[in-house]
2 protein chains.
Amino acid sequence: MQMNVNIAVDAMGGDNAPGEIVKGAVDAVNIQKGIMVYLVGKQDLIKKELTKYQYPEEQITVINAEEIIETAEPPVMAIRKKKDSSIVVGLNMVKDGTCDAFVSAGSSGAVLVGGQFIVGRIKGVERPPLAPLIPTEDGVALLVDCGANVDARASHLLQFANMGSIYMENIVGVKNPRVAIVNIGAEEDKGNMLVKETYPLLKTCPDINFIGSIEARDIPKGYADVIVCEAFVGNVILKLYEGIGSTLIKKIKQGMMQTLRSKIGAIMVKPALKATLKDFDASEYGGAPLLGLNGLVVKTHGSSTAKEIKNSIIQCVTFKEQHINDKINEKINMTK
Amino acid sequence: MQMNVNIAVDAMGGDNAPGEIVKGAVDAVNIQKGIMVYLVGKQDLIKKELTKYQYPEEQITVINAEEIIETAEPPVMAIRKKKDSSIVVGLNMVKDGTCDAFVSAGSSGAVLVGGQFIVGRIKGVERPPLAPLIPTEDGVALLVDCGANVDARASHLLQFANMGSIYMENIVGVKNPRVAIVNIGAEEDKGNMLVKETYPLLKTCPDINFIGSIEARDIPKGYADVIVCEAFVGNVILKLYEGIGSTLIKKIKQGMMQTLRSKIGAIMVKPALKATLKDFDASEYGGAPLLGLNGLVVKTHGSSTAKEIKNSIIQCVTFKEQHINDKINEKINMTK
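Residues numbered from 1 in each chain as written. Chains lettered and ligands numbered in written order. Predicted model: local features only at pLDDT ≥ 70, side-chain atom pairs only at ≥ 80, totals over all residues. Heavy atoms only, no water.

Time to look at the overall build of chain A. The helix and strand inventory of chain A stands at eleven helices and eleven strands. A compact globule built from 336 residues would reach a C-alpha radius of gyration of about 20 Å, and chain A, at 20 Å, matches this within 12%. In terms of overall dimensions, chain A has a C-alpha envelope of 65 × 60 × 45 Å along the principal axes. Burial analysis of chain A (336 residues in total) assigns 57% to the buried set. Long-range pairs, those at least 24 residues apart, make up 72% of the contacts in chain A between residues at least 6 apart in sequence. (Helix = DSSP H or I, 4+ residues; strand = E, 2+ residues; numbered from the N terminus. Rg over C-alpha atoms; globule rule 2.2 N^0.38 Å. Buried < 20%, exposed > 50% of the residue type's maximum accessible area, 1.4 Å probe, protein only. Contact = heavy atoms within 4.5 Å.)

All right, on to the confidence of the model for chain A then. A residue-level look at chain A finds 97% of positions with pLDDT of 70 or above and a mean pLDDT of 91. Predicted as a complex, the structure gets a pTM of 0.91 and an ipTM equal to 0.90. (pLDDT = per-residue confidence, 0-100.)

Our next topic: the pairing of strand β8 (residues 209–214) of chain A. Residue and element names in this part refer to chain A. In terms of strand pairing, strand β7 (residues 178–182) meets β8 through five bridges, oriented parallel. The residue bridging R178 from the neighbouring strand is N209, located in β8. Considered for its hand, the β-α-β crossover made up of β7, helix α7 (residues 193–203) and β8 is right-handed. (Pairing = 2+ DSSP bridges. Right-handed = clockwise from strand over helix to strand, strands pointing away.)

Here the focus is α7(A). Among all positions in α7(A), only L194(A), V195(A), T198(A), Y199(A) and L202(A) are buried. Each buried residue of α7(A) sits inside an arc of 130° when the element is viewed along its axis, so together they form one side. What points out from α7(A), more than 90 degrees from its buried face, is the exposed set M193(A) and E197(A). Of the surrounding secondary structure, the elements contacted by the buried residues of α7(A) are α6 (154–172), β7 and β8 of chain A together with α8 (231–256) of chain B. (Arc of directions from axis to C-beta.)

Before going further, it helps to examine the sheet that holds strand β9 (residues 226–228) of chain B. Residue and element names in this part refer to chain B. The sheet built from five strands is open, its strands ordered β5-β6-β9-β7-β8 with mixed pairing. A strand with exactly one partner marks an edge of an open sheet, and here the two such strands are β5 (133–136) and β8 (209–214). Here the average twist between neighbouring strands, direction ignored, is 30°. Where helix α6 (residues 154–172) meets the sheet, it contacts β5, β6 (139–144), β7 (178–182) and β9, and its direction lies at approximately 150° from that of β6. (Axes fitted to C-alpha atoms, helices over the stretch in contact; angles between N-to-C directions.)

Here we take up the relation of the copies chain A and chain B. When chain A is fitted to chain B, the residual RMSD is 0.0 Å, and the transformation amounts to a turn of 180° plus an axial shift of 0.0 Å. Put plainly, the chains are arranged around a two-fold axis. Minimal C-alpha distance to the rotation axis in chain A is attained by G265(A), lying at 1.9 Å. A shared interface surface links the copies, since 100% of the contact residues of chain A are contact residues in chain B too. (Least-squares fit on C-alpha atoms with pLDDT ≥ 70 in both.)

Residue and element names in this part refer to chain B. One pass over the full model with this rule turns up zero disulfides over all chains. The structure places no disulfide on C146, whose sulfur is separated from the nearest cysteine sulfur, that of C229, by 8.0 Å. We classify C146 as buried; its relative accessible area is 2%. Between C316, a cysteine without a disulfide, and C99, which holds the nearest cysteine sulfur, the sulfur-to-sulfur distance is 9.9 Å. Relative accessible area serves as the criterion here: at 2%, C316 is assigned to the buried category. (Disulfide = S-S within 2.5 Å.)

Interface extent is often summarised as the accessible area lost during association of the parts. On the chain B side, the residues contacting the 53 residues of chain A number 53 residues. Taken together, both faces of the contact between chain A and chain B bury some 5400 Å²; the carbon and sulfur share is 72%. Counting the surface chain A buries against chain B, the share from its top three residues, I184(A), F232(A) and K251(A), is 13%. There are six salt bridges connecting chain A and chain B. In this structure, E137(A) engages K250(B) in a salt bridge whose closest nitrogen and oxygen atoms are separated by 2.8 Å. The interface formed by chain A and chain B holds 18 residue pairs in polar contact (both at pLDDT 80 or more) in total. (Buried area = accessible area lost by both parts, 1.4 Å probe. Salt bridge = Lys/Arg side-chain N within 4 Å of Asp/Glu carboxyl O. Polar contact = N/O pair within 3.5 Å; in protein donor to acceptor, adjacent residues only side chain to side chain.)

A separate point is the pairing of strand β5 (residues 133–136) of chain A. Residues and elements named next belong to chain A. Across the two faces of β5 the burial is the same, with L133 and P135 and I134 and T136 all buried. In this structure, β5 lies alongside strand β6 (residues 139–144), joined through four bridges in antiparallel fashion. Bridging across to β6, T136 finds its partner in G139. Linking two consecutive strands that pair antiparallel, namely β5 and β6, is a turn of two residues.

So, about the packing of helix α8 (residues 231–256) of chain A against α8(B). A pair of packed helices is characterised by two quantities: the angle between their axes and the separation of those axes. Two elements in contact, α8(A) and α8(B), have axes separated by 9 Å at closest approach and are oriented at 40°. With respect to each other, α8(A) and α8(B) are oriented oblique. The two elements α8(A) and α8(B) cross, and the hand of that crossing is right-handed. The segment α8(A) lies against α8(B), with F232(A), V233(A), V236(A), I237(A), L240(A), Y241(A), I244(A), G245(A), L248(A), I252(A) and M256(A) engaging F232(B), V233(B), V236(B), I237(B), L240(B), Y241(B), I244(B), G245(B), L248(B), I252(B) and M256(B). Its residues assigned to classes, the contact of α8(A) with α8(B) shows 20 nonpolar, two polar and no charged. (Parallel < 35°, antiparallel > 145°, perpendicular 65-115°, else oblique. Left-handed = near helix turned anticlockwise from the far one by under 90°. Nonpolar A, V, L, I, M, F, W, Y, C, P; charged D, E, K, R; others polar.)

This brings us to the environment of G120(B). Residues and elements named next belong to chain B. Checked against the element boundaries, G120 lands in the loop between α5 (108–119) and β5. The class for G120 is buried, based on a relative accessible area of 12%. For the pair G120 and G14, spaced 106 residues apart in sequence, the C-alpha separation works out to 23 Å. Setting aside anything within four residues of it in sequence, one finds G120 in contact with G115, L293 and N294.

All right, on to the packing of α6(A) against helix α10 (residues 306–321) of chain A then. Residues and elements named next belong to chain A. Two elements in contact, α6 and α10, have axes separated by 9 Å at closest approach and are oriented at 105°. Classified by the angle between their axes, α6 and α10 sit roughly perpendicular to one another. Contact residues: α6 offers Y167, N170 and I171, while α10 offers Q315, T318 and F319. Taken together, the residues of the contact of α6 with α10 sort by class into three nonpolar, three polar and no charged.

As a further point, take the sheet that holds β8(A). Residues and elements named next belong to chain A. Taken in spatial order, the five strands of this open sheet run β5-β6-β9-β7-β8, and their pairing is mixed. Each having just a single partner strand, β5 and β8 make up the two edges of the open sheet. Along the sheet, successive strands turn relative to each other by an average axial angle of 30°, direction set aside. Its contacts with the sheet place α6 against β5, β6, β7 and β9 (226–228), and it is angled at close to 150° to β6.

In this section: the pattern of salt bridges. Side-chain pairing between opposite charges can occur once the charged atoms of the two side chains come close. Residues and elements named next belong to chain B. For the coordinates displayed, the defined rule picks out 22 salt bridges over all chains. Of the charged contacts in the structure, one is a salt bridge between K320 and D100, with a shortest N-O distance of 3.2 Å. With K320 in helix α10 (residues 306–321) and D100 in the loop between α4 (86–95) and β4 (101–104), this pair connects stretches of sequence that are 220 residues apart. Overall, the relative accessible area of 26% leaves K320 in the partly exposed class.

Listed below in structure tokens is the structure:
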């Protein structure tokens with residue numbers, strides 16, 4: 001049974017706003033029944049974009065918000081002062097129950113801070129982590145936390161493992177997901193203080209399938225489904241994925257353009273190669289949820305195009321249908 | 001003028017010992033005059049390997065050492081107990097002045113611990129970091145520290161920046177190398193506690209060319225020459241380079257084998273592609289020096305082949321010719 005899901009979308013956030021955001025919302029309602037999208041931002045701009053498309057009009061509502069929080073603004077101050085920004089207005093719609101979810105490609109800092117301050121945490125959740133899916137050789141893994149809480153403690157990482165397992169099992173459909181902690185060696189005695197404190201907590205937790213340490217080189221190989229780490233390390237992993245991927249693909253393209261022979265070869269491999277590299281493109285998997293809030297907040301990449309926005313909106317449906325927050329609430333307060 | 005450089009090489013260390021190690025030593029003396037290589041390990045095995053090759057015999061000496069430190073052994077205990085291991089014997093040859101340098105593909109932990117305990121630190125150096133060169137779009141960058149000192153302090157990172165700058169300028173030949181600290185955002189107020197403490201120290205240090213924070217995605221783009229971070233993060237960066245690179249290349253090969261058309265194309269692009277990807281292969285650049293010791297200790301990859309061993313041996317010549325340790329000594333004790 002499909003339920004009604006209400007999703008606020010930050011029409012002003014990210015490098016390609018409002019054009020790609022509005023297009024993503026249109027694409028989403030064109031393929032998904034039972035959702036209502038609220039496009040939040042400067043209504044004149046949004047409405048002008050909407051005139052370009054055909055879509056079921058009853059599924060999109062425009063909500064005016066005059067202010068925009070810029071990426072460089074200090075987040076705490078911005079959330080406090082810009083009450084009429086697309087981020088604050090959108091998050092308040094989740095808080096007051098108008099919406100189930102908020103999707104934004106805008107300032108990461110403002111979305112993370114606003115998510116915690118405005119929407120609020122599920123009772124018992126100490127720190128809500130940002131948890132994107134990253135591509136692996138044969139699928140995806142959930143990287144948790146990748147930027148919400150620097151200088152985290154062991155008890156936070158234990159909760160990340162629990163919440164991440166619930167997400168992977170119910171949203172991605174991985175039964176009994178393998179949980180690993182990022183470490184600098186495979187042995188149990190390796191690691192920094194945080195890892196050494198966290199390891200025994202994970203090892204003795206009955207609710208997760210903990211498989212031990214994972215070295216960074218094995219993350220892309222898909223050895224684990226839920227990759228637990230503190231936010232600084234997670235952010236480095238996420239961004240290095242992006243950096244190495246794009247550098248390597250650039251070098252491969254340059255390499256193929258070196259001789260006449262290789263140029264002809266390049267034309268022949270291109271279609272097959274394009275399909276393969278698509279698997280390894282993080283934007284295919286929608287945005288990253290901020291887990292453990294009283295509602296769903298999804299942060300998508302600042303350079304999101306319509307495709308990523310559409311995927312993020314559709315992801316919200318599964319999140320609600322699977323009652324992820326009820327499951328997190330139950331797990332966190334049962335294991336306390 | 002070429003000076004005489006004496007280099008002890010761990011013939012028993014790494015996945016491909018002793019075969020590839022001995023071959024690497026032979027390849028090195030065959031192209032480099034003025035070096036003397038001491039192959040340390042089980043003499044029967046080493047001598048048997050040596051009979052396979054032609055080389056100037058006066059440039060290679062075999063030093064017997066009966067024990068081997070395995071990768072999984074706790075390093076401190078292993079260094080203390082296995083006095084007749086190739087690692088301990090080789091490091092002692094640096095300590096007593098017989099050799100200028102020690103090269104090993106063996107246990108990282110034992111080499112790092114042994115380097116500090118046996119060879120010892122240059123006066124004033126708080127923590128000797130492991131500093132490999134990593135490939136970037138148009139060259140290389142020095143990653144420091146990538147595994148020697150977990151839970152480092154800000155004063156350590158400042159020394160890493162100083163020593164790394166000396167290395168990049170004198171060994172790699174980059175004038176006034178750009179130093180950056182790994183961070184989760186470009187702004188000065190971003191980061192965890194360690195980064196926030198280290199940033200002002202780097203900013204006000206007159207001896208380095210500090211350019212600010214670097215996000216992980218920009219490391220492969222070559223935005224900085226010396227990448228400063230604590231060892232846990234550095235280790236993740238180094239290993240993720242390896243992991244993403246190999247996964248992506250594997251996927252590209254699979255992609256090219258999907259259709260007849262792409263298979264033919266693959267044959268045509270292969271030679272050009274191979275040359276390009278060679279640039280992005282960390283083993284091209286020899287091993288990673290442990291900076292700040294009273295002598296040179298170089299750790300090469302556990303899976304090192306003859307090529308990496310040869311490159312690591314030859315790297316030792318430049319290190320001595322450029323008086324790197326005198327320069328580190330002067331810089332550290334001047335800036336104190």
